[in-house]
Amino acid sequence: MNKNLKRVLAVAIASGLALGTVGTTQASAKKKVRTVTLAFQGPLTGPDAQLGQDQLPGALFAIAEYNAKNPKRQVLLVKADSQCDGTVAANLAPGVANDKKIVGVIGTSCSGEARNSFPAYIAAGLPMVSPSATAVGLTDPKAADRGFPIFHRVLANDKFQAPALVKVGAKGVTSPKFYIVDDQTTYGAGLAEYAKPHAKKAGSIAGTESVPKGTADYSSVTSKIKASGANIVLYAGYTADAAKFFKSLRDGGYKGVIAAGDGVNTSDFPSLVGSAGEGVRLVAPDVPFDLLVSAEKLAAFTKTTGVKIPGLYVTSTYDAANVFLSCFDKKKYNRPGIQNCITNGTFDGVSGSKIKFDRYGDIIGGAPVGEFLVKDGVIGYIGIA
Amino acid sequence: MNFSVVTSQFASLVLQGVALGLIYSLIALGYTMVYGVLRLINFANSEVFMVGTFTVLFIQVTVLGHAVTREPMHGWPLILALALSLIAAMGVCALLAMLVEVVAYRRLRAKGANRLASLISAIGVSIFLSESWRIFTDSRPHAGPRLLEKWSFGEFHGANFRIDTMMAIFASLIIYMVLLRFVNGSRLGKAIRAVSMSEENSLLMGINLNRVVTLTFAIGGLTTGAAAFFYITIYENTVFNVGFNLGIAAFTAAILGGIGNLRGAFFGGLALGLTEQFASAIIGSQWKAVTVFIVLVFVLLIKPSGIFGEAVQQTRT
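As the structure is a prediction and not an experimental result, all values here were calculated from the model.

A. Summary view of the domain arrangement of chain A. Residue and element names in this part refer to chain A. Partitioning chain A into structural domains gives domain 1 (3-156 + 288-355) and domain 2 (159-284). Taking only C-alpha atoms into account, the centre of domain 1 sits 31 Å from that of domain 2. Facing 17 residues of domain 1, the contacting portion of domain 2 comprises 16 residues. Between domain 1 and domain 2 lies a buried interface of about 1400 Å² when both sides are counted; carbon and sulfur atoms form 58% of it. Our count for the domain 1 to domain 2 interface comes out at 1 salt bridge. Inspection of the region where domain 1 meets domain 2 yields 5 residue pairs in polar contact (both at pLDDT 80 or more). Of all the elements in the fold, those that place two or more residues in the side of domain 1 that touches domain 2 are helix 2 (49-69) and helix 4 (111-124). Here the side of domain 1 that touches domain 2 is built from residues that sort into 9 nonpolar, 5 polar and 3 charged.

Now the structure itself:
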């Protein structure tokens with residue numbers, strides 16, 4: 001965890017305690033300060049920690065804004081570190097579900113951990129609003145392991161991300177020949193599967209490969225890609241593995257386009273991949289927070305969180321937190337009330353758009369998918385893909 | 001099944017398989033040396049490897065100040081930086097392996113404890129190291145800097161003879177030859193072989209058992225440290241659990257070749273590296289582990305003691 005974030009959390013906790021203390025001491029004289037608790041569930045440690053660490057400031061900022069406006073109703077945030085790991089999430093979710101103080105989950109960040117958390121959260125009626133879990137199956141009415149009725153997400157799913165990934169990968173390439181690689185996770189395998197028909201339409205598929213997450217050596221995949229004559233590699237997986245894979249590709253002499261989904265679009269990607277990351281094209285169903293808010297609001301975000309440049313999914317995490325906070329504004333403070341509020345309500349997104357969920361938790365009308373490019377060791381936003 | 005890749009990329013798969021296999025071999029030598037002497041598996045060896053990889057990063061990033069974003073080094077500074085990283089990794093791993101021996105094995109051995117007790121204490125040390133590093137690093141992956149520019153000597157039938165790959169191959173061969181010579185030709189090597197044949201007789205012959213066992217752990221640490229250096233040089237990344245998969249692979253290599261057998265560890269590693277490469281290329285990466293273990297079971301069914309059979313120390317090879 002970076003020092004700024006630690007400082008912010010320490011301040012938030014200290015403020016919470018201080019407020020609690022003030023509330024207790026003044027209880028006899030005045031009305032007590034009431035608290036309501038949300039959880040943020042995502043990777044805060046582990047190989048994919050940066051995904052969650054990038055998002056968390058969005059939730060902290062939204063809550064800080066709410067707390068400033070509502071001194072008598074303070075929102076507390078509990079961090080549930082599921083490490084983007086389904087097994088960790090399955091062990092952690094019952095504890096979160098059983099904590100009756102927690103009335104909603106901002107999360108999960110990853111699709112696999114969402115799927116494994118559903119049994120506990122559905123049984124407990126604990127509503128979830130995810131800022132970044134994009135696997136289609138999570139809201140698929142036909143999927144047995146969908147998150148209905150408690151799961152919602154404020155971003156476009158992989159049905160929208162997959163064509164954007166193909167489009168961005170093929171941009172400027174004559175006779176696109178795709179090689180699609182996934183990491184066998186719920187997210188990666190799903191995104192790759194949805195990309196295939198679009199890749200076929202845009203050109204041809206030279207090959208596909210599923211390489212388990214955590215693989216150290218990608219040289220055989222590199223050899224296959226080189227032998228296939230592919231000129232575009234699409235990767236559906238997460239940052240830590242992408243860094244190893246892209247290094248292997250470039251060191252192995254592959255000179256074509258590399259494009260990847262939002263799992264790779266984390267602020268630590270350029271430092272992990274080094275020079276092999278130059279020119280890598282990325283997509284994500286997100287528009288950077290700093291492009292959507294005023295300079296004053298951005299300054300307030302930096303002051304509150306200590307983060308100068310908001311990372312990926314700060315926008316959607318801010319929106320996800322605000323879905324819950326809007327329900328608090330409507331005096332809904334328990335799980336059934338919040339669930340009902342989310343299902344039937346319409347919420348304001350930071351971009352000015354309206355957020356309303358369909359029956360299975362997807363955002364009605366979709367949401368934009370952004371295009372990004374790694375240049376000079378920095379991930380830059382290009383525009384809507 | 002994709003056999004076309006074998007025809008077009010055969011040389012490349014062989015080269016990469018040999019490089020990966022030799023890294024397995026170096027770690028496998030750590031397992032096999034200890035087994036040869038104590039008839040016990042040093043399960044902490046995978047974490048010794050992990051610590052070795054972080055040592056290389058520490059030297060390169062913190063001591064030498066070469067940030068991940070910096071350009072590669074050249075000339076004498078490069079040679080000195082690589083030599084320092086290699087020596088540091090080997091030294092730290094050797095010291096750690098000796099510490100493991102003192103903590104997890106020596107006292108239990110002195111008290112005549114059950115062999116399983118030592119096995120469990122080694123697993124305990126392994127978990128302690130792994131979890132400590134997990135907490136210390138927040139479980140995050142760490143990228144290594146590119147000290148060595150990955151230029152190529154040339155290509156042959158799709159095989160790219162890159163400097164890092166070639167360095168790992170030749171240095172591993174040299175380390176193996178030196179180790180063989182040491183075990184077979186030196187006085188201390190003879191002592192190791194004597195202990196592996198019979199602890200009791202070795203004691204009667206005046207051999208300092210503790211010294212020999214510690215030395216054996218140190219040698220295992222040295223080869224494992226070298227593996228850590230070559231791993232970072234080629235793959236340029238590490239994480240707290242990097243030793244788990246590589247440790248399993250190296251242990252499999254040692255079993256495949258014949259545990260306790262130096263030649264077995266060496267060729268077992270090579271065989272495993274090549275099997276993994278070809279299985280990934282032909283059947284697909286998702287079947288790599290399955291194929292490797294099918295091969296292992298098949299070999300053990302035919303030759304239960306592994307390809308090279310009994311301990312090399314006993315056969316005096």
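B. Local environment of the interface of chain B and chain A. Facing 36 residues of chain B, the contacting portion of chain A comprises 33 residues. When the two sides are added together, the surface that chain B and chain A hide from each other amounts to roughly 2500 Å², 45% of it contributed by carbon and sulfur. Ranking the residues of chain B by area buried against chain A places Arg140(B), Pro141(B) and Ser285(B) at the top, with a combined share of 21%. Note that Glu236(B) is salt-bridged to Lys247(A), the shortest N-O span being 3.2 Å. Joining chain B to chain A, the criterion identifies 14 residue pairs in polar contact (both at pLDDT 80 or more). Only helix 1 (4-38), strand 1 (142-143), strand 3 (159-162), helix 8 (209-235), helix 9 (242-257) and helix 10 (262-282) of chain B provide two or more residues apiece to the side of chain B that touches chain A. It is helix 1 of chain B that provides the largest number of residues to the side of chain B that touches chain A, a total of 7 residues. Here the residues of the side of chain B that touches chain A are counted per class, giving 10 nonpolar, 17 polar and 9 charged.

C. Representation of empty space enclosed by the protein. One pass over the full model with this rule turns up 5 cavities of 30 Å³ or more. In this structure, the largest cavity encloses a volume near 250 Å³. If you go around the largest cavity, you meet 24 residues; those closest to its centre are Ser219(A), Ser248(A), Gly252(A), Gln16(B) and Arg162(B). When grouped by side-chain class, the residues that make up the lining of the second largest cavity number 5 nonpolar, 2 polar and 2 charged.

D. Here's a closer look at the pattern of salt bridges. Evaluated as defined, the whole model comprises 20 salt bridges over all chains. The salt bridge involving Arg134(B) is made with Glu131(B); its shortest N-O contact spans 3.0 Å. Placement of both Arg134(B) and Glu131(B) in helix 4 (residues 115-137) is noted, with a separation of 3 residues, approximately one turn of the helix. We classify Arg134(B) as partly exposed; its relative accessible area is 24%. A relative accessible area of 32% places Glu131(B) in the partly exposed class. Connected through salt bridges with shared partners, the residues Lys247(A), Asp251(A), Arg146(B), Lys150(B), Arg162(B), Asp164(B) and Glu236(B) form a single ionic network.

Calculation rules
- All residue numbers here refer to positions counted from 1 along the written sequence of the relevant chain.
- Here chains are named by letter from A upward and ligands by number from 1 upward, in the order in which they appear as written.
- Local features in this predicted model are restricted to residues of pLDDT 70 or higher, and side-chain atom pairs are both shown and tallied only at a pLDDT of 80 or more, whereas totals for entire chains, interfaces and linings draw on every residue.
- Side-chain measures were taken over the full set of non-hydrogen atoms in the model, leaving aside hydrogen atoms and water.
- Just so you know, the domain bounds were taken from an automatic or database domain assignment.
- Note on contacts: a residue pair is in contact if any heavy atoms of the two residues lie within 4.5 Å.
- Using a 1.4 Å probe, buried area is obtained as the accessible area two parts lose upon being combined, added over both of them.
- Here a salt bridge means any side-chain nitrogen of Lys or Arg lying within 4 Å of a carboxyl oxygen belonging to Asp or Glu.
- Whenever a nitrogen or oxygen atom comes within 3.5 Å of another N or O atom, the pair is scored as a polar contact, on the condition that within protein one atom can donate a hydrogen and the other can accept it, and that pairs from neighbouring residues in sequence are kept only if both atoms are in side chains.
- Each helix corresponds to a stretch of at least 4 residues labelled H or I by DSSP, and each strand to a stretch of at least 2 residues labelled E; elements are numbered beginning at the N terminus.
- Note on residue classes: Ala, Val, Leu, Ile, Met, Phe, Trp, Tyr, Cys and Pro are nonpolar, Asp, Glu, Lys and Arg are charged, and everything else, Gly too, is polar.
- For cavity detection a 1 Å grid was placed over the protein atoms alone, and a set of points counts as a cavity when a 1.4 Å probe fits there but cannot get out; an open set counts as a pocket when protein lies on both sides within 12 Å along at least five of seven lines, with lining residues being those that have an atom within 4 Å of a point.
- Grid points are joined across faces, edges and corners, and a volume is the space filled by probe spheres set on the points.
- Only protein chains enter the accessibility calculation, which uses a 1.4 Å probe; a residue is then buried when its area is under 20% of its type maximum, exposed when over 50%, and partly exposed in between.

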